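A look at the structure
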Amino acid sequence: MESENSTKLKDFFGREYDSLKRYVNSKISDTANRDIIQDVALKLFSGADRYAPINNVAGFVYKSVRNKIIDVMRTTKKIMNSVDIDNDLLDLVDVIHQSANSYSSEETVLLLKKCIDQLK
């Protein structure tokens, strides 16, 4: 039987895969690194039963994707082009993640989509 976390992650990745792709592509243009989303999804799904219940799926996934991008950037020693925008978005993700109880999941998703659409 599928756990609640697995169900939430499956639903989120199904709805937001294109937004995640745009986010990753805005940070890393190298085609060899386009499998970041799949790597993150595999890691999250394989460990879904070990996590406490995920209340803020969007913040959890985007933070995981961000951490994977940082890992890739460190290993390939590439520098992000838009550090200020990246830091603002990362701060937003942190705030959303910390204040998960003050936003509904739907409001969080809409806020993240709006922020992602504003990125170059």
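So, here is what we can say about the structure in this document.

Let us now look at the overall build of the chain. Counting secondary structure elements, the chain contains 5 helices and 0 strands. Each helix and strand of the chain, placed in order from N terminus to C terminus, yields the pattern α-α-α-α-α. Counting all 120 residues of the chain, 38% fall into the buried class. Restricting the contact set of the chain to residue pairs at least 6 apart, pairs at least 24 apart contribute 75%. Total accessible area computed for the chain in this model is approximately 7,500 Å², and 51% of it derives from carbon and sulfur atoms.

The volume enclosed by the second largest pocket comes to roughly 230 Å³. Looking at the second largest pocket, it is lined by 12 residues, and the ones nearest its centre are Val40, Lys43, Ser64, Asn67 and Lys68. For the lining of the second largest pocket, the secondary-structure elements that each account for two or more residues are helix H2 (36-46) and helix H3 (57-76). For the lining of the second largest pocket, the element with the highest residue contribution is H3, accounting for 6 residues.

At glutamate 16, helix H1 (residues 4-27) is deflected by roughly 65°, the largest bend along its length. Buried within H1 are the following residues: Asn5, Ser6, Leu9, Phe12, Phe13, Glu16, Ser19, Leu20, Tyr23, Val24 and Lys27.

What the rule picks out here adds up to 3 salt bridges. For lysine 68, the salt bridge goes to aspartate 39, with nearest N and O atoms at 3.9 Å. Taken together, the residues span a long stretch of sequence, with lysine 68 in helix H3 and aspartate 39 in helix H2 at a distance of 29 residues. According to the relative accessible area criterion, aspartate 39 is partly exposed, its value standing at 34%.

All right, on to the packing of H1 against H2 then. Relative orientation of the contacting elements H1 and H2 amounts to 160°, with a least axis distance of 10 Å. Our classification of the angle between H1 and H2 gives roughly antiparallel. Handedness of the H1/H2 crossing: right-handed. Facing Ser6, Leu9, Lys10, Phe13, Tyr17, Leu20, Lys21 and Val24 of H1, the residues of H2 in contact are Ile36, Ile37, Gln38, Ala41, Leu44 and Phe45.

Parameters and conventions
Residues numbered from 1 in each chain as written. Predicted model: local features only at pLDDT ≥ 70, side-chain atom pairs only at ≥ 80, totals over all residues. Heavy atoms only, no water. Helix = DSSP H or I, 4+ residues; strand = E, 2+ residues; numbered from the N terminus. Buried < 20%, exposed > 50% of the residue type's maximum accessible area, 1.4 Å probe, protein only. Contact = heavy atoms within 4.5 Å. Areas by Shrake-Rupley, 256 points an atom, 1.4 Å probe, with all protein chains shown as cover. 1 Å grid on protein atoms, 1.4 Å probe; cavity = no way out; pocket = protein on both sides within 12 Å on 5 of 7 lines; lining within 4 Å. Points joined across faces, edges and corners; volume = space filled by probe spheres on them. Bend = angle between axes of the 7 residues up to and from the residue. Salt bridge = Lys/Arg side-chain N within 4 Å of Asp/Glu carboxyl O. Axes fitted to C-alpha atoms, helices over the stretch in contact; angles between N-to-C directions. Parallel < 35°, antiparallel > 145°, perpendicular 65-115°, else oblique. Left-handed = near helix turned anticlockwise from the far one by under 90°.

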